[in-house]
Amino acid sequence: MNPAYFQSLDRKMQYLSQQGFVPLLETVRRDVGPSWHAYFDFNESFARYTQYLIARYGANNLVFSGIHLDWIPKDFSLTAAQFNEALTYHLKKYGPPPFNQPMTVLIDRSTYDAFGHAGQVPWLTMHSVGNKPRDHRVGAALETQFKLTPAYPTINFEPYYTGWLHEINKPAGEEPPANSARDNYFARAQMYGSVLSGGLSGHVHGTAAYDVTSTGEPAGARPQFWDALKYGSASYMQHLQAFMLSEGRRYQDLGLASEDLSVRKAPGSPDDGLDGWSYMMRTKEKDLALLYFENKAVLPKLKGFVPGKSYNLKWFDPINGQWQKPLSITANTDGTLVLPAFPQEKQIASRDWAAKILLEQ
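Because the structure is predicted, anything quoted here is derived from the model rather than measured. (Residues numbered from 1 in each chain as written. Predicted model: local features only at pLDDT ≥ 70, side-chain atom pairs only at ≥ 80, totals over all residues. Heavy atoms only, no water.)

**Notes on the pairing of strand 12 (residues 310–316)**
Consecutive side chains of a regular strand alternate in pointing toward one face of the sheet and then the other. Looking at chain direction, strand 12 and strand 13 (residues 327–330) are connected through four bridges and run antiparallel. Looking across to strand 13, one finds that Leu 313 is bridged to Leu 327. Direction of pairing for strand 12 relative to strand 15 (residues 353–359): antiparallel, over a ladder of six bridges. Paired with Trp 315 across the two strands is Ala 355, which belongs to strand 15. (Pairing = 2+ DSSP bridges. Helix = DSSP H or I, 4+ residues; strand = E, 2+ residues; numbered from the N terminus.)

**Describing the sheet that holds strand 12**
Pairing is antiparallel across the open sheet formed by six strands, whose spatial order is 7-9-10-15-12-13. At either margin of the open sheet sits one strand with a lone partner, and together these are strand 7 (254–256) and strand 13. Ignoring strand direction, the axes of neighbouring strands in this sheet form an average angle of 30°. Along the sheet, helix 7 (residues 181–195) contacts strand 9 (278–283), strand 10 (288–293), strand 12 and strand 15; its crossing angle with strand 10, the most-contacted strand, is approximately 150°. (Axes fitted to C-alpha atoms, helices over the stretch in contact; angles between N-to-C directions. Contact = heavy atoms within 4.5 Å.)

**A look at the nonpolar core**
The biggest cluster of nonpolar side chains holds 29 residues, and the ones touching the most others in it are Tyr 57, Leu 69, Val 105, Phe 115 and Trp 123. For this core, the secondary structure elements donating two or more residues are helix 1 (3–18), helix 3 (42–57), strand 2 (63–69), helix 4 (80–94) and strand 3 (103–107). If you tally residues by element for this core, the top one is helix 3, at six residues. Residues in contact with Trp 123, not counting those within four places in the same chain, are Asn 84, Leu 87, Thr 88, Leu 91, Met 103, Thr 104, Val 105 and Phe 115. (Core = buried A, V, L, I, M, F, W, Y, C linked by side-chain atoms within 4.5 Å. Buried < 20%, exposed > 50% of the residue type's maximum accessible area, 1.4 Å probe, protein only.)

**Digging into empty space enclosed by the protein**
Under the defined criterion, the tally for this structure stands at one cavity of 30 Å³ or more. Its boundaries defined by the atoms lining it, the largest cavity holds a volume of some 30 Å³. Looking at the largest cavity, the residues that line it are Asp 135, His 136, Val 138, Gly 139, Gln 190, Gly 193, Ser 194, Ser 197, Leu 274 and Tyr 279. Among the secondary structure elements, those contributing two or more residues to the lining of the largest cavity are helix 6 (138–146) and helix 7. Among the elements that make up the lining of the largest cavity, the one with the highest residue count is helix 7 (three residues). (1 Å grid on protein atoms, 1.4 Å probe; cavity = no way out; pocket = protein on both sides within 12 Å on 5 of 7 lines; lining within 4 Å. Points joined across faces, edges and corners; volume = space filled by probe spheres on them.)

**Here we look at unusual backbone geometry**
In this structure, Pro 150 follows Thr 149 across a cis peptide bond, with omega equal to -5°. With respect to the secondary-structure elements, Pro 150 resides in the loop between helix 6 and strand 6 (154–158). Following Ser 262, the chain continues into Val 263 via a peptide bond in cis, with omega recorded as 15°. Its location among the elements puts Val 263 in the loop between strand 8 (261–262) and strand 9. Within the chain, Ala 118 stands out as a residue other than glycine whose phi angle is a positive 50°. With respect to the element layout, Ala 118 can be found in the loop between helix 5 (111–115) and strand 5 (127–130). The residue Lys 286 is not glycine, and still its phi comes out positive at about 65°. Turning to its location among the elements, Lys 286 is positioned in the loop between strand 9 and strand 10.

See the structure below:
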């Protein structure tokens, strides 16, 4: 242990707490695993190190990540099973975090695919997806984890990163200029698409600025942090929050309902892209639904609502966070709502929109 390192981290954790942040605290990155395992009793020493972090920071409001497992290559990581064994050993010896903070993993693809669920991974209390892929395909993994029993929260920890020129960050092969309207749109589409695929515990915004160059040093292969802070994409997070919390805690009652969108996927819209898809979550009482429509989405019919009932439709602009004037629409005898048009009187979206539908009293 390097005391100076943790003394510095103490100050950072204290500052984050004072500012109201809930940090994701990770043990180590996966590539230290093979050498650690080769020269030490891995289960015992990794469990002791994990407990050291929990003992030092366990009074903070945080989410704990047992391992940074964004890639699982043979030569640069232990297997998910080996990390699962060590973290299960920690749980049996030391117990869970003192205030039952969520335990998860920053993962490649999905924690469910890597570890399983419930008794298969007893220390994990929050699922995640991430790193790869960074397009429509993450939605299926989020939906799978949202449906698991017992129910755990799930989140996309590594979605599309603005400004990142990398092969896994190219929706449908596209690589837009950093901080361009298209670059920022991709981040926005991943925000709403991930949350409305079941990621109701929140969303993470990311950029390519993690080379850790400092003032006076030449820039690395990625943007410098102070430049990435000016990207427009981060500003959309506040609008996502306003949209999802517009009915207070009722977002917690939402269930998956995208299968009731007809048409959900515009013809020709690629699985590995971020254009043309629509998303919906709805309460089981069918009195509240939240929707998101990507650029080039086809105006769908909405099935599964209460037949004959009138609903209040409010369009929401995810770019500026403004609500449009409400409209009243009525479900037909089959419980289908027919939307009149996207804002700007279009049947195919020329940009992305969100919407809220409420049962009229």
